[in-house]
Number of protein chains: 2
Amino acid sequence: MKHLETLDFIEAINRAGSIRGAADTLSLTSTALNRRLLALEEELGAPIFERLPRGVRLSPAGELLIQHIRSQRADLERVRSQIADLKGERRGHVSVACSQALLPYFMPREINAYRAEHPRVTFEVNLRDRYRAERALVAHQADIALVFEPVRLADVQVLATVPQQVHAVMARNHPLAAKPVLRLSDVAGYPIGLPSEEFGVRYLLDIAMRRSSIQLTPDIVSDSFEFLRCYPGPEMMVTLQIPIGLPPDDGRDPIVSRPIDRRDVPAGLLYLAQMRGRTLPVAAANFARQLTRSLERTAAGDGAEGPRAS
Amino acid sequence: MKHLETLDFIEAINRAGSIRGAADTLSLTSTALNRRLLALEEELGAPIFERLPRGVRLSPAGELLIQHIRSQRADLERVRSQIADLKGERRGHVSVACSQALLPYFMPREINAYRAEHPRVTFEVNLRDRYRAERALVAHQADIALVFEPVRLADVQVLATVPQQVHAVMARNHPLAAKPVLRLSDVAGYPIGLPSEEFGVRYLLDIAMRRSSIQLTPDIVSDSFEFLRCYPGPEMMVTLQIPIGLPPDDGRDPIVSRPIDRRDVPAGLLYLAQMRGRTLPVAAANFARQLTRSLERTAAGDGAEGPRAS
DNA sequence: GCGTAGTGGTGCAGATTTTGCAGCGGTCGT
DNA sequence: ACGACCGCTGCAAAATCTGCACCACTACGC
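Since the structure is predicted, the reported quantities are computational estimates derived from the model, not experimental observations. (Residues numbered from 1 in each chain as written. Chains lettered and ligands numbered in written order. Predicted model: local features only at pLDDT ≥ 70, side-chain atom pairs only at ≥ 80, totals over all residues. Heavy atoms only, no water.)

Pulling in residues and values, what's your account of the overall build of chain A?
Within chain A, the regular secondary structure consists of 10 helices and 12 strands. Taken along its principal axes, the extent of the C-alpha atoms in chain A is 70 × 50 × 30 Å. Restricting the contact set of chain A to residue pairs at least 6 apart, pairs at least 24 apart contribute 76%. Total accessible area on chain A stands at roughly 14,700 Å², and carbon and sulfur atoms take up 50% of it. Side chains of chain A carry 40 positive and 37 negative charges; the gap between the two charge centres is 3 Å. (Helix = DSSP H or I, 4+ residues; strand = E, 2+ residues; numbered from the N terminus. Contact = heavy atoms within 4.5 Å. Areas by Shrake-Rupley, 256 points an atom, 1.4 Å probe, with all protein chains shown as cover. Lys, Arg positive; Asp, Glu negative; His and termini not counted. Charge placed at Lys NZ, Arg CZ, Asp CG, Glu CD.)

Outline the protein's contact with DNA strand D, supporting the account with residue identities and numerical values.
Residues in contact with DNA strand D amount to 19 residues; listed here are only the nearest, Ile-19, Arg-20, Asn-34 and Arg-51 of chain A together with Thr-29 of chain B. When atoms of DNA strand D within 4 Å of the protein are split into backbone and base, the sugar-phosphate part holds 57%. Note that a phosphate oxygen of DNA strand D is positioned 2.7 Å from one of the backbone N or O atoms of Ile-19 of chain A. Separating a phosphate oxygen of DNA strand D from a side-chain N or O atom of Thr-29 of chain B is a distance of 2.4 Å. Breaking the surface near DNA strand D down by element, the ones donating at least two residues are α2 (19-25), α3 (30-44) and β2 (55-58) of chain A together with α3 (30-44) of chain B. Grouping the constituent residues of the surface near DNA strand D by class yields 6 nonpolar, 6 polar and 7 charged. (Near = heavy atom within 4 Å. Polar contact = N/O pair within 3.5 Å; in protein donor to acceptor, adjacent residues only side chain to side chain. Nonpolar A, V, L, I, M, F, W, Y, C, P; charged D, E, K, R; others polar.)

Outline the environment of Ala-84 of chain B, supporting the account with residue identities and numerical values.
All names here are of chain B. Of note, Ala-84 is situated in helix α4 (residues 60-86). For Ala-84, a relative accessible area of 8% corresponds to the buried category. With 198 residues separating them along the chain, Ala-84 and Val-282 place their C-alpha atoms 9.5 Å apart. (Buried < 20%, exposed > 50% of the residue type's maximum accessible area, 1.4 Å probe, protein only.)

Describe the protein's contact with DNA strand C, naming the residues involved and giving the relevant values.
Among the 22 residues in the neighbourhood of DNA strand C, the closest are listed as Thr-29 of chain A together with Ile-19, Arg-20, Asn-34 and Arg-51 of chain B. The sugar and phosphate moieties of DNA strand C supply 60% of its atoms located within 4 Å of the protein. Take Arg-35 of chain B: an N or O atom from its side chain is 3.1 Å from a base nitrogen of DNA strand C. In this structure, a phosphate oxygen belonging to DNA strand C sits 2.9 Å away from a side-chain N or O atom of Arg-51 of chain B.

Please give an account of α3 of chain B that cites residues and values.
Over its 15 residues, α3 of chain B extends 21 Å from the first C-alpha to the last, a length consistent with the 21 Å expected when each residue adds 1.5 Å. In this fold, the buried residues of α3 of chain B make contact with α4 (60-86) of chain A together with α1 (5-16), α2 (19-25), β1 (49-52) and α4 of chain B. Taken from the residues just after α3 of chain B, Gly-45 of chain B is the one with a positive phi, measuring 80 degrees. (Expected span 1.5 Å × (residues − 1).)

For the domain arrangement of chain A, give the residues involved together with the corresponding values.
You can read the domains of chain A as domain 1 (2-67), domain 2 (90-162 + 269-303) and domain 3 (166-266). On a C-alpha basis, the centroid separation for the pair domain 1 of chain A and domain 3 of chain A is 50 Å. (Domains from an automatic or database assignment.)

Report on the relation of the copies chain A and chain B, specifying residues and quantitative values.
Each copy superposes on the other: chain A lies on chain B with an RMSD of 0.1 Å after a rotation of 180 degrees and an axial shift of 0.0 Å. Expressed as an axis order, the relation between the two copies is that of a two-fold axis. A shared interface surface links the copies, since 100% of the contact residues of chain A are contact residues in chain B too. (Least-squares fit on C-alpha atoms with pLDDT ≥ 70 in both.)

Tell me about unusual backbone geometry, and name the residues and values.
For His-140 of chain A, which is not a glycine, the phi torsion comes out positive at approximately 60 degrees. Tracing the sequence through the fold places His-140 of chain A in the loop between α6 (130-138) and β5 (144-148).

I'd like a description of the confidence of the model for chain A, backed by residues and values.
Residue and element names in this part refer to chain A. Summing up the model confidence of chain A, the mean pLDDT is 87 and the portion of residues at 70 or higher is 95%. Within chain A, no element has a lower average pLDDT than helix α9 (residues 225-230), which sits at 78, and none a higher one than strand β12 (residues 268-275), at 94. Under a pLDDT of 50 for its full length, residues 303-310 has, in the predicted model, 23 contacts with residues more than four places off or in other chains. (pLDDT = per-residue confidence, 0-100.)

Please provide a residue-by-residue account of the interface of chain A and chain B, values included.
In this assembly, 24 residues from chain A lie in contact with 24 residues from chain B. In this assembly, chain A and chain B are joined by 0 salt bridges. Across the chain A-chain B interface, the total number found is 6 residue pairs in polar contact (both at pLDDT 80 or more). Put simply, the parts of the chain that give the side of chain A that touches chain B at least two residues each are α3 and α4 of chain A. Residue contributions to the side of chain A that touches chain B peak at 14 residues, all from α4 of chain A. (Salt bridge = Lys/Arg side-chain N within 4 Å of Asp/Glu carboxyl O.)

In structure tokens, the structure reads:
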């Protein structure tokens, strides 16, 4: 879009940290870029960047402006998608930021289902921890976010929540697999793998451990649930995860899960959210609606309640 | 602002109803305007106007676009005002849409008070009935609206409400002026002046009359409260108004007001509102905050309760 | 039935704006 | 002290936009 060109340039300068640097990435001369910046600052009546000896940095006015630019671009994108929608072209793009637990099973299944109905809708799925997911919404880098136990920012609007009881994950031949529900003290007797502290599951566990006297001392800490799940079973290791991040038990999978008694660890909440006050593009809004329905089914089914079908 | 020029042109074409007509008002050739429109439609991938033999008319896509343009311009204005604000310049502009009752006393007093603190803030006050006030908010033609008994649109966000009991207004020597509180049946015995049907006071009265058996047959109907208030008193006429639209009784004013018993006519609500989801410019936000405080004082004082000090 | 006045759209030449090159003065790191 | 990088500024070339004359078309008046 032509009339947003200059504003895009501002973002490029901000990313590059210098006018000359941004000019290179934009296939432009520093002259032209500098001229445009000066003209815009003139129109605005305030400098957008502070001039440093080694480049430029956003001024307070620039911070405001760049926020405006992002919101404006996102809104234009929504308008374009609405226009495409009323032309009958069911295309569009959805950008999702989500927690790690959603990546292996839930999101692929949901996106598959959606694209079966709307094949011309494209998707972008980015792993963002609970802090960065919310910041991505505000910066218009994601349309919707699906995060476990988020830090609730004021600028974020919750579309749906579903409780998720923490589950213990282990090999099928693990001694604990015999019990349908585990106490935290059961788990404490075996080698344990835990996600690192920025994750919601760990956050819930840390709270639970502070309240009770039981201490879980992790033998393995990782920021990858996939790694923790795949870590060889011979050690009889136990790891912890929420059910939405686990495969449905088909009775043959070498990995099984058992819920932790909720007297020990309370259920955490999985949040579906968007930026507050924003009108989503049609495709994103429709996909969010589908997710809401799916999450409600999850909540009614096996999500919050005890043992998974096994 | 340079990059919004083309979008302004779209609005001009929409207003004029034809490209050539808009070109005249913009001091441009129809050629240039036409070219820009075609280029924009190309970029957008859809026609913005339907071509009629006698001019042009907004297409559905154009409706969407023009709404986007307005919101974009309003948002840019907010950014500019925020930038001016952090430069220490306490200037800005506030656009208010309000009911007739607010015009003679309340709004002048409030704006005076505000400008005493912030002399460089300019104001625009427009009379809008309760339908048009809300549409003005959505069309970004007003920052805030102050209306009595509005039809509540979904896109409008309520900032404050204050109940207003309907008062009867009459000459000081009117027989009814002797009673501190009037029943509707008292009023029915005298010549009556009523506001026309689009006004909130009339709306409340019509409801009250439907519920009871008392019928007020107006001798004068007007869309001007000022006219009704000034209509010569010799006729011993009674008219109806809400207290915020009446002068404080200083004991000498030839016009006095008495509340109607709330068993007959329930109190209506005065709403302070803005467009839902919009972030107001600093000046408008501050003024809205002042109004909220003033309205709360009004509610605590003489607004909802019985007789005014007299 | 035909002219007229209005509409949006187009080719081409001139006006206007934007871009790029070369060079200035400055600060930092080596 | 030197080189590398930074933001910024004349001046000429390039690109873009504007305006005139003109076309095709439709509604309206007579």
